[in-house]
Amino acid sequence: MQDRFVVTPEFHATNAHVPGPARPASAPATKPKATKPFKAAVMLLLRGGMDSWTVLTPLADCASTNNRTLLEQYYEYRGMIAEQPFDVASTFKPIDPSTPQPCGTLGLHPNLQRIGELYDDGDAALFANIGPLVEPLTVEEWSAGAKATPPSVGAHNVQRRHAQTLDPTNEIARGFLGRALKVLDGEGFNAAGYTLGGLPKALEGSEGVPVVDLNSNGGGGAARLVDYDALKADVERLTGNVSSSIFAESYASLLGPAIRNAEDLAALFDGDDGLSDAVEWPATRLGDQLREVSKIIAKRDALDLERSVFFVSIGGFDTHNSLTQLPERLLEIDGAVKAFVAEMEAQEVFDDVVLASASDFGRTLTSNGVGTDHAWGGNSFIVGGALNGTRVHGRYPASFGRDGDMNIRPDRGRLIPTTPWESVWAPLATFM
């Protein structure tokens, strides 16, 4: 009986629930058939603050300041961190930035092999020294308090929120993916959002546009009510009458449609997930999440989707105590992206899909003795078949060291971003 008890309206109300007349039956919600080409955007959040200065480094043909090249400055300032986990610059993949940067060749971490190949093919791009900004800022302006700055620089929860709202001055700002869904819906698109990383800030603000939490079933597709067939009649009886309590009524009126929608979505994947047999998916957390994203995209016609946004997330990037786990996390990212791109190509939609990474913040350039700590600017990547790729956007630091051109903590190496998060998502909003 416990399973019946927890679905009763009384269980979800703080005031008296008095059942009234039977609730009028409502026709299942319908939406128009899809007539516009499909497009999708995926946000990959790397929780914890990735040490992305270990991921994108100076490599060759670097400018010099104070008789030291940027590569020499990097190794001298980072010290022991520059030797974790690779101590030879030649192990990094040479990257032609294709934009004015202080080095003619930058280095991409060798564990991002597939992303490096996509970069060479024009299907990936990198963003240098990116992070939340209110307005362009120099070290001198920061020190003088001459310009507005984001609050709580270096705080996990606040900076993670900034990356998902693009509005660091507004503590109650809605998420940019949710706001995008609202706009797309207003422009007449059949749109929906999906999350496999909990209920994120990024998807807040959709205002009526459906957002489906696939994570509630452990990343295993649409979550269904256990023993639905046995419970169906009892649930309908328990929630079938109008309640005197606004709380109980809100719950009871939404439960039935929610259960039916979950059953309809799950039924789409019974027996056929729509994925290519030729794609080998890695058995990792991110691999599982991007596989579920791919299933939804595979069923886009059955779902009458024209625009979709997805949120996926993995942790393990808070490297206070060591950077030894970073190579493993990068391999996880690269393997999952490799499979995802292969699946999108098999579905012939890679030109219509983008995946962009973000993290809480970059990390300090110097060591705390065993790892690196919270900082501000960092580096990120974006992947998609229609990108104008093979380029590093933004501006990589012109100098490293205590007097580095964007360094506000000479003892630790905390860099002011030169590129705001909007530089990633404003073009993607136009793409959508």
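Notes on the structure follow. (Residues numbered from 1 in each chain as written. Predicted model: local features only at pLDDT ≥ 70, side-chain atom pairs only at ≥ 80, totals over all residues. Heavy atoms only, no water.)

## Section: the pairing of strand β9 (residues 191-195)
Put simply, side chains in a regular strand alternate between the two faces of the sheet.
Next, step 1: Counting buried positions along β9 yields five of five residues, so the element is predominantly enclosed.
Next, step 2: Where burial is concerned, the two faces of β9 agree: the one with Ala 191, Gly 193 and Thr 195 and the one with Ala 192 and Tyr 194 are both buried.
Next, step 3: Note that β9 and strand β12 (residues 307-314) share five bridges and pair parallel. If you follow Ala 191 over to β12, its bridge partner there is Arg 307.
Next, step 4: Here β9 runs beside strand β10 (residues 211-213); their pairing, made up of three bridges, is parallel. For Thr 195, the partnering residue across the bridge sits in β10 and is Asp 213. (Buried < 20%, exposed > 50% of the residue type's maximum accessible area, 1.4 Å probe, protein only. Helix = DSSP H or I, 4+ residues; strand = E, 2+ residues; numbered from the N terminus. Pairing = 2+ DSSP bridges.)

## Re the sheet that holds strand β3 (residues 56-62)
Note: strands within a sheet are paired through backbone hydrogen bonds, in either parallel or antiparallel orientation.
Next, step 1: Strand order in the open sheet formed by three strands is β3-β7-β6, and the pairing between neighbours is antiparallel. Edge positions in the sheet fall to β3 and β6 (93-95), since each of these pairs with one other strand and no more. Between one strand and the next, the sheet's axes are offset by a mean angle of 35°, whatever the strand orientation.
Next, step 2: With respect to the sheet, helix α2 (residues 70-78) is in contact with β3 and β7 (103-108), its orientation differing from that of β3 by roughly 140°. (Axes fitted to C-alpha atoms, helices over the stretch in contact; angles between N-to-C directions. Contact = heavy atoms within 4.5 Å.)

## Things to note about the state of the cysteines
Next, step 1: Summed over the entire model, instances satisfying the criterion amount to one disulfide.
Next, step 2: Between the sulfur of Cys 62 and that of Cys 103 lies a disulfide, 2.0 Å long from S to S. Between Cys 62 and Cys 103, the S-S dihedral sits near 105°, and the bridge is therefore right-handed. Of this pair, Cys 62 sits in strand β3 while Cys 103 sits in strand β7; the two residues are 41 residues apart in sequence, bridging distant segments of the chain. Of the two residues examined, Cys 62 and Cys 103, each falls in the buried class. (Disulfide = S-S within 2.5 Å.)

Structural measurements only, silent on function.
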